[in-house]
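Results of the structural survey
Chain by chain, the residues:
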Amino acid sequence: MMASCSNPFQGQGSLHFKVKDFKQDPLVEEERLRALRLEKELAWKTIVVEAVDSFSEIESTVQKKCFACHDAKTKTPIYGRVFTRVNPIYHHQQDGIKALDFSQKFPLIAKGNPSQIALLKAIRNEVLDRTMPIKAYTSVYRKRKINQTDEEKILAWTDPLIEKLEEFEKRFDVSQLDVNSQMTKVFEQKCFRCHANGNDRGNFGEMQDVKKLVKGKFVNMQNPLDSAIYKLSVSKKMPPNPRDALEDQELLLLGEWLERLSLENRNN
Ligand code: HEC
Ligand code: HEC
């Protein structure tokens, strides 16, 4: 058998090939990316369904011990009624909901959109350290303290979920919530050199200005995946040097970013 590292161009008569030969068939590449996007969507949906499903195991515990301050649907905090007059800890409910809101079970909601992994790890730590529910609350409602059984139940929800999310992020190299800043980084690395901050190769510049970019002719908000910036990147025509071509994860990110922008545009 031939060694697998043999020169693939052997016997082809010439070692000279044009850079152009590296460019991929646009249709094949678009189809491959489409399949990858579907795969990612499915993987995310599976995680969400499983997370919501397994939440039922901890719902009664969390309802008793956390919802007073961490469920936007809990209108009157149980302890709020007791402290109606001076109510020194009423504001804890407001702050609590901002920090973490269980009302849709999963994905968890929180102000500032921290990653789901960060939130789950925070829950884990608060529970392990017994720092939640806050003392001001449990000193009045002793039965609402976390006990060993609660801890085991809650960790049985958080830990496998953290693992699945870490696998997901590793596989697709993208956190669900930070699409904008990740996209900026990719553009900075792969496009700005020629298309931003005064560079306008091919008459295409100012990519750093998203508002302008979106209004320009290389982005199609009606049909985001039809945008030139997407199609040229998928078919590896841009950036011109194949060494700088966008990785699959970066292409997924670009597709997602464009679709989100398009949705936002439609909603405005
Ligand atoms: C009496 C109100 C109250 C209850 C009950 C309560 N919390 Fe909190 N929680 C807060 C407040 C207020 C904050 C935001 C300020 C802070 O971090 O101390 C918070 C923040 C958090 C955070 C975010 C911490 C971070 O690092 O961002 C987590 C996670 C959390 N709580 C988990 C829980 C869990 C799990 C329970 C139930 C076992 C629970 N809390 C019960 C009031 C409460
Ligand atoms: C090394 C410089 C360089 C980099 C990096 C680069 N481009 Fe280009 N780009 C060019 C040049 C040169 C042209 C004009 C090519 C032509 O007209 O054939 C061009 C043209 C374009 C056009 C206009 C195509 C048209 O039909 O007029 C788009 C859109 C584009 N690039 C997108 C991108 C995107 C998106 C990236 C990053 C993922 C990128 N480019 C990275 C050099 C670059």
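The structure contained in this document is the topic of the report that follows.

The rules behind each value
- Residues numbered from 1 in each chain as written.
- Chains lettered and ligands numbered in written order.
- Predicted model: local features only at pLDDT ≥ 70, side-chain atom pairs only at ≥ 80, totals over all residues.
- Heavy atoms only, no water.
- Near = heavy atom within 4 Å.
- Helix = DSSP H or I, 4+ residues; strand = E, 2+ residues; numbered from the N terminus.
- Nonpolar A, V, L, I, M, F, W, Y, C, P; charged D, E, K, R; others polar.
- Core = buried A, V, L, I, M, F, W, Y, C linked by side-chain atoms within 4.5 Å.
- Buried < 20%, exposed > 50% of the residue type's maximum accessible area, 1.4 Å probe, protein only.
- Domains from an automatic or database assignment.
- Contact = heavy atoms within 4.5 Å.
- Donors = N, O, S within 2.8 Å, 3.2 Å for Na, K, Ca; no water.
- Tetrahedral: all angles 85-135°; square planar, octahedral: opposite > 155°, others 65-115°.
- Axes fitted to C-alpha atoms, helices over the stretch in contact; angles between N-to-C directions.
- Parallel < 35°, antiparallel > 145°, perpendicular 65-115°, else oblique.
- Left-handed = near helix turned anticlockwise from the far one by under 90°.
- Expected span 1.5 Å × (residues − 1).
- Polar contact = N/O pair within 3.5 Å; in protein donor to acceptor, adjacent residues only side chain to side chain.
- Salt bridge = Lys/Arg side-chain N within 4 Å of Asp/Glu carboxyl O.

1. Details of the site of ligand 1
The local shell around ligand 1 holds 18 residues, among which Lys 65, Cys 66, Cys 69, His 70 and Met 132 are the closest. Mapped onto the shell around ligand 1, the elements with two or more residues apiece are α3 (67-70), α4 (91-99) and α5 (116-129). Counting residues per element, the shell around ligand 1 draws most heavily on α4, at 4 residues. Considered class by class, the residues forming the shell around ligand 1 number 12 nonpolar, 3 polar and 3 charged.

2. Describing the nonpolar core
In this structure, Phe 102, Phe 106, Leu 108, Phe 187, Leu 254 and Trp 257 are the most contacted members of the largest nonpolar core, which totals 54 residues. Contributing elements (two or more residues each) for this core: α1 (26-55), α5, α7 (148-172), α8 (179-190), α10 (210-215), α11 (228-234) and α12 (248-267). Here this core takes 8 residues from α1, the largest share from any one element. For this core, the two domains that each supply at least three residues are domain 1 (52-172) and domain 2 (178-267). Leaving out residues up to four positions away in the same chain, Leu 254 has contacts with Met 183, Phe 187, Ile 229, Tyr 230, Ser 233 and Leu 246.

3. Let's talk about the coordination of the iron atom of ligand 1
Note on the iron atom of ligand 1: its protein donors are His 70 (NE2) and Met 132 (SD). The metal-donor distances range over 2.0 to 2.2 Å. Around the iron atom of ligand 1, the 6 donor atoms sit at angles spanning 86 to 176°, and that spread fits a shape best called octahedral. Taken together, the positions of His 70 in helix α3 and Met 132 in the loop between α5 and α6 (135-138) put the pair 62 residues apart, joining distant regions of the chain.

4. Side note on the environment of Gly 255
Structurally, the position occupied by Gly 255 is in helix α12. Among the residues examined, Gly 255 registers a relative accessible area of 0% and is labelled buried. Taking the C-alpha atoms as reference points, Gly 255 and Arg 37, 218 residues apart in sequence, are found 8.5 Å from one another. For Gly 255, the residues in contact, after removing those within four places along its chain, are Arg 37, Leu 225 and Tyr 230.

5. What to know about the packing of α8 against α12
Where α8 contacts α12, the two axes come as close as 10 Å, and the packing angle between them is 125°. By the angle class used here, α8 and α12 are oblique. Considering how the two elements wind past one another, α8 and α12 form a crossing that is left-handed. Across the interface between the two elements, Val 179, Asn 180, Gln 182, Met 183, Val 186, Phe 187, Gln 189 and Lys 190 of α8 pack against Glu 250, Leu 253, Leu 254, Glu 256, Trp 257 and Arg 260 of α12.

6. Overview of α8
Taking 1.5 Å per residue as the helical rise, α8 with its 12 residues ought to reach 16 Å, and the 16 Å between its terminal C-alpha atoms agrees with that figure. In this structure, the buried residues of α8 make contact with α9 (192-195), α10, α11 and α12.

7. A few points about the environment of Asp 25
By secondary structure assignment, the location of Asp 25 is in the segment before α1. In this structure Asp 25 comes out as partly exposed when scored by relative accessible area, which is 43%. Considered as a pair, Asp 25 and Ser 235 are 210 residues apart in the sequence and their alpha carbons are 6.4 Å apart. Within the structure, the side chain of Asp 25 is placed 2.9 Å from the backbone nitrogen of Leu 27, a separation counted as a polar contact.

8. Remarks on the coordination of the iron atom of ligand 2
Octahedral six-donor coordination of a metal ideally yields angles of 90 or 180 degrees, compared with 109.5 degrees for tetrahedral four-donor coordination. For the iron atom of ligand 2, the protein coordination sphere consists of His 195 (NE2) and Met 238 (SD), at 2.0 to 2.2 Å. For the iron atom of ligand 2, the 6 donor atoms in the first shell make angles of 86 to 177° at the metal, a pattern classed as octahedral. One end of the pair, His 195, is in helix α9; the other, Met 238, is in the loop between α11 and α12, with 43 residues separating them in the sequence. With relative accessibility at 31%, the residue Met 238 sits in the partly exposed group.

9. So, the pattern of salt bridges
For the coordinates displayed, the defined rule picks out 18 salt bridges. One salt bridge connects Arg 32 with Glu 29, and the closest N-O pair in it is separated by 3.2 Å. One end of the pair is Arg 32 and the other is Glu 29, both in helix α1 and 3 residues apart, which spans about a single turn. Arg 32 gets classed as partly exposed once you look at its relative accessible area, which sits at 35%. A relative accessible area of 5% places Glu 29 in the buried class. Between Lys 105 and Glu 59 there is a salt bridge, with its nearest N and O atoms 3.7 Å apart. Of this pair, Lys 105 sits in the loop between α4 and α5 while Glu 59 sits in helix α2 (residues 59-65), and the two are 46 residues apart along the sequence. Look at Lys 105 and you get partly exposed, because its relative accessible area is 27%. Judged by its relative accessible area of 24%, Glu 59 falls in the partly exposed class.

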